[in-house]
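# Analysis of the macromolecular model
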Amino acid sequence: SGFVMAFSPILWTSFLLFTFTYACAIFTTMQIGQNDEEYESYYLECEVVRHPATCDPYNWKVNRRRFYGTICRSMFTLFQVMTGDSWTSVVRPVIEGPQPYLVFFFVFFI
């Protein structure tokens, strides 16, 4: 009886967590995965105007399509961020690169 009573709150918590992650995945897909103008202009400026090492000193050019290209990929990446599984490798290139203001989103998400 206690297991059945505890199952309902766990189910609702899982549903809310899934819904929150889904909404955040839509945001990251639009802002990172499908935002060609922001990233192409940033990396073009780095290659033409400034030395590439000053723009991307660790050579961490983010693979946007792999991590944030679709909503499912964004959800998996956000799950990786949420669990702490080498999340800096997918967040740091974004916030140290063309979109430093997204640090507020990732801090809020964590």
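Residues numbered from 1 in each chain as written. Predicted model: local features only at pLDDT ≥ 70, side-chain atom pairs only at ≥ 80, totals over all residues. Heavy atoms only, no water.

Between helix 1 (residues 2–33) and helix 5 (residues 71–83), whose axes approach to 8 Å, the crossing angle comes to 115 degrees. In terms of crossing hand, the pair formed by helix 1 and helix 5 is right-handed. On helix 5, the residues touching Leu-17, Phe-18, Thr-21, Tyr-22, Cys-24, Ala-25, Ile-26, Thr-28 and Thr-29 of helix 1 are Ile-71, Ser-74, Met-75, Leu-78 and Met-82. Class assignment for the residues of the contact of helix 1 with helix 5 results in 10 nonpolar, 4 polar and no charged. (Axes fitted to C-alpha atoms, helices over the stretch in contact; angles between N-to-C directions. Helix = DSSP H or I, 4+ residues; strand = E, 2+ residues; numbered from the N terminus. Left-handed = near helix turned anticlockwise from the far one by under 90°. Contact = heavy atoms within 4.5 Å. Nonpolar A, V, L, I, M, F, W, Y, C, P; charged D, E, K, R; others polar.)

A few words on the packing of aromatic side chains. Across all of its chains, the model carries 8 aromatic pairs by this definition. Pairing Phe-18 with Tyr-22 gives two aromatic rings, centres 6.3 Å apart and planes at 20 degrees, and the pair type is stacked. Here Tyr-22 and Phe-18 lie together in helix 1, a separation of 4 residues that amounts to about one turn. What makes Tyr-22 partly exposed here is its relative accessible area of 37%. (Phe/Tyr/Trp six-rings, centres within 6.5 Å; stacked < 30°, edge-to-face > 60°. Buried < 20%, exposed > 50% of the residue type's maximum accessible area, 1.4 Å probe, protein only.)

Looking at where Thr-28 falls in the secondary structure, it is placed in helix 1. On the accessibility criterion, Thr-28 (1% relative accessible area) is buried. The contact partners of Thr-28, leaving out residues within four places of it in the chain, are Gly-33, Tyr-68, Ser-74, Leu-78 and Phe-105.

Here we come to helix 1. Counted at 1.5 Å a residue, the expected span for helix 1 with its 32 residues is 46 Å, and the 44 Å between its end C-alpha atoms agrees. Buried residues of helix 1: Thr-21, Cys-24, Ala-25, Thr-28, Thr-29, Ile-32 and Gly-33, and no others. (Expected span 1.5 Å × (residues − 1).)

The next subject is the nonpolar core. Within the largest apolar cluster, 15 residues are counted, with the highest numbers of intra-cluster contacts made by Tyr-68, Leu-78 and Phe-106. Breaking this core down by element, the ones donating at least two residues are helix 1, helix 4 (64–68), helix 5, helix 6 (88–95) and helix 7 (103–109). Setting aside residues up to four positions removed in sequence, Leu-78 forms contacts with Thr-21, Cys-24, Ala-25, Thr-28, Phe-105, Phe-106 and Phe-109. (Core = buried A, V, L, I, M, F, W, Y, C linked by side-chain atoms within 4.5 Å.)

Residue position: Pro-100 is located in the loop between helix 6 and helix 7. In contact with Pro-100, other than residues within four places in its own chain, are Val-94 and Ile-95.

For the rest of this paragraph, the subject is a nonpolar patch on the surface. A grouping of Phe-3, Val-4, Phe-7 and Leu-11 is seen on the molecular surface, where their side chains present a nonpolar patch of about 470 Å² in accessible area. You can see Phe-7 is positioned in helix 1. (Patch = residues over 30% accessible without salt bridge, like charges linked within 9 Å, V, L, I, M, F, W, Y side chains within 5 Å. Areas by Shrake-Rupley, 256 points an atom, 1.4 Å probe, with all protein chains shown as cover. Salt bridge = Lys/Arg side-chain N within 4 Å of Asp/Glu carboxyl O.)

Here the focus is the confidence of the model for the protein. Per-residue pLDDT for the protein has a mean of 80; in total, 78% of the residues score no lower than 70. Mean pLDDT values over the elements of the protein span from 54, in helix 3 (residues 52–55), up to 91, in helix 5. (pLDDT = per-residue confidence, 0-100.)

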